Amino acid sequence: MRDAGSDTADDRGRKARGLSRRGLLTGIGVGVGAAVVGLPGGAPAASAATAKDARWCTPAQGYFPDGGYYGAPRGGGPHAGQDITNSTGTAVYAAAAGTVIRRQWGGGLGGRTGNAIVISHGGGTYTYYGHLSAYRIGLNASVSAGQRIADMGATGNVTGPHLHFETHTGGLGDTDNPVSFMAANGVDLDGGWPRLDPGAAGATVVVIQYLMTQRGYDLVADGDFGSVSVAAVKAFQKAKGLVADGQVGPATWPHLVYTLDQGDAGSHVRGLQAALNKRSAGLAVDGDFGSVTTTAVRGFQGVNRLVVDGEAGPLTWQALVG
C-alpha cells in the first residue's frame, strides 16, 4: 500500500505509452479526437439532485471524438448528446438512480438509431444511452447510480463503437448539453475526478468517509457529507496545504486515495470495496484486499479498458469514483 503520490502501475503504463488518461484506453478502433473546448449549449440545466452531489457519476470511460459534441451539425439537425468513444463491450453505467422506462431501438425517440436505454430520474429528468451492443438490465428495472446497465457498441447509424449520451430536463425530448449538465452535478463527463460539495450524499461520500478514517479522521461511513465530515475534510486539506473549502474535488482526491494491492487491509480497502460496489461488484465491505477484491478490481479495469494489473492506483480510483 502506498500514498497515491508515487508512480503506480497505472502511471507507469501511461508514461510508457506517452499518453494521457484517455490515451490509456485500449482497443479503440474508429475515430481519433480530443476533448472539445468551448462546447455549445448555454448554461447548465437544473438538476433533479443537489448540485455537485454524489448521486451522479460518469456513464462510461472513453474520449470525446471530433464532431461528437452537443449541438454539432448533423444531417438531420443538431447533435442531441455527447459521444464517448471506446471499444465494443466497454461498460455503460447508470448516471444516476432511476427507473428504466425504455429499452428499445432508438429509445423510442425520433432521429435516434441503435439499441438504447432511457432512464427516468424523477422531476422531469431523463438520461439516454445509445448504440449499445448488449443490455444488462431489464425494462422497468430500478437502477442505482453507477450500476452497470449495458455494453458500449456500434448498433444503428454509426461509424464506430461509442456511447451516445443525452440528458433531458423538463420532460423527455427537451435535451440539454450533457457536459455542462453533468458538470453542474460534480461529474467530469470526460473522465476527471468528481467534485463533491458539503451537503452531498450517496455512495461516493461513503468512499470518502472510509478514506478519511484511514487518514486518521474517525468518521461514520453513513453517506452523509454533513458538518462532521466537512470539518474533517477541511482539516485534512489544511494539513496538506490545500484550499480548505470542504469540497472533495480534483485537488483533494489525489491526496486522499491510496495505491492498494492484494494483501492490504484497513478502512482504505473498505473505501475501495464501496467504490467497486457502486459499479456493481457486490463485494463484502470487510477491509480485506484478498483474491475476491483483486478479481473485482481486475474485472473493473478490463471492462473499462484500463491496464488490468489488479492494483488500485490513481487512474483506477478516478474511474471508480468519477
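Residues numbered from 1 in each chain as written. Predicted model: local features only at pLDDT ≥ 70, side-chain atom pairs only at ≥ 80, totals over all residues. Heavy atoms only, no water.

In the annotation of an unreviewed UniProt entry, the protein is listed under the name Peptidoglycan-binding protein and assigned to Solicola gregarius.

Time to look at the nonpolar core. Counting residues in each nonpolar core, the largest one holds 40 residues, and the members touching the most others are Trp253, Leu272 and Trp317. Where this core is concerned, the elements lending two or more residues are strand S3 (91–93), helix H3 (203–214), helix H4 (227–239), helix H5 (253–256), helix H6 (267–278), helix H7 (291–303) and helix H8 (314–321). Excluding its chain neighbours within four sequence positions, the residues that come into contact with Trp317 are Trp193, Val207, Leu211, Val257, Tyr258, Leu260, His268, Gly271, Leu272, Ala275 and Ala312. Ile84, Ala141, Leu163 and Phe165 belong to the second largest nonpolar core, which has 26 residues in total. (Core = buried A, V, L, I, M, F, W, Y, C linked by side-chain atoms within 4.5 Å. Buried < 20%, exposed > 50% of the residue type's maximum accessible area, 1.4 Å probe, protein only. Helix = DSSP H or I, 4+ residues; strand = E, 2+ residues; numbered from the N terminus. Contact = heavy atoms within 4.5 Å.)

We now examine the packing of aromatic side chains. Tallied over the entire structure, the rule returns four aromatic pairs. Between the aromatic rings of Trp193 and Trp253, the centroid separation amounts to 5.7 Å while the plane-to-plane angle is 10 degrees, which identifies the pairing as stacked. On the criterion of sequence distance, the pair formed by Trp193 in the loop between helix H2 (178–184) and H3 and Trp253 in helix H5 is long-range, its members being 60 residues apart. For Trp253, a relative accessible area of 0% puts it in the buried group. Relative to Phe236, the ring of Tyr217 has its centre 6.3 Å away and its plane inclined at 90 degrees; by these criteria the two rings are edge-to-face. Here Phe236 lies in helix H4 and Tyr217 lies in the loop between H3 and H4, a separation of 19 residues in the sequence. Its relative accessible area of 23% is what places Tyr217 among the partly exposed residues. Its relative accessible area of 3% is what places Phe236 among the buried residues. Here the guanidinium or amino end of Arg112 rests over the ring plane of Tyr128, the centre of that ring lying 6.0 Å away. Above the face of the Tyr93 ring, Arg279 is positioned so that its terminal group lies 4.6 Å from the ring centre. (Phe/Tyr/Trp six-rings, centres within 6.5 Å; stacked < 30°, edge-to-face > 60°. Lys NZ or Arg CZ within 6 Å of the ring centre and 35° of its normal.)

Once that is clear, we can look at the pattern of salt bridges. Note on pairing: side chains with opposite charge can pair once their charged atoms come close. All chains considered together, the criterion is met by four salt bridges. Where Arg112 meets Glu166, a salt bridge forms, and the shortest distance between an N and an O atom there is 2.8 Å. Of the two residues, Arg112 sits in the loop between strand S4 (98–105) and strand S5 (115–122) while Glu166 sits in strand S9 (residues 162–168), which places them 54 residues apart along the sequence. Here Asp151 ties to Arg148 by a salt bridge, and the two come within 2.7 Å at their closest N and O atoms. (Salt bridge = Lys/Arg side-chain N within 4 Å of Asp/Glu carboxyl O.)

Bringing unusual backbone geometry into the picture now. A positive phi angle, close to 65 degrees, is found at His131, a residue other than glycine. By the element assignment, His131 lies in strand S6 (residues 125–135). We classify His131 as buried; its relative accessible area is 8%. A positive phi is found at Ser280, a non-glycine position, where the angle reads about 80 degrees. Looking at the element boundaries, Ser280 is found in the loop between H6 and H7.

Let's shift gears to H3. Between the first and last C-alpha of H3 there are 17 Å, a value that for 12 residues agrees with the 16 Å anticipated at 1.5 Å per step. Burial runs high along H3: nine of the 12 residues are buried. When we look at burial in H3, the residues that qualify are Thr204, Val205, Val206, Val207, Ile208, Gln209, Tyr210, Leu211 and Met212. On its buried face, H3 sits against H4, H5, strand S11 (258–259), H6 and H8. Two residues or fewer after H3 comes Gly216, characterised by a positive phi angle close to 105 degrees. (Expected span 1.5 Å × (residues − 1).)

Put simply, side chains in a regular strand alternate between the two faces of the sheet. As defined by bridge partners, S4 adjoins strand S7 (residues 142–143) across two bridges and the pair is classed as antiparallel. Within the sheet, the bridge partner assigned to Thr99 lies in S7 and is Ser142. In this structure, S4 lies alongside S5, joined through six bridges in antiparallel fashion. Note that in S5 the partner of Thr99 across the bridge is Ser120. (Pairing = 2+ DSSP bridges.)

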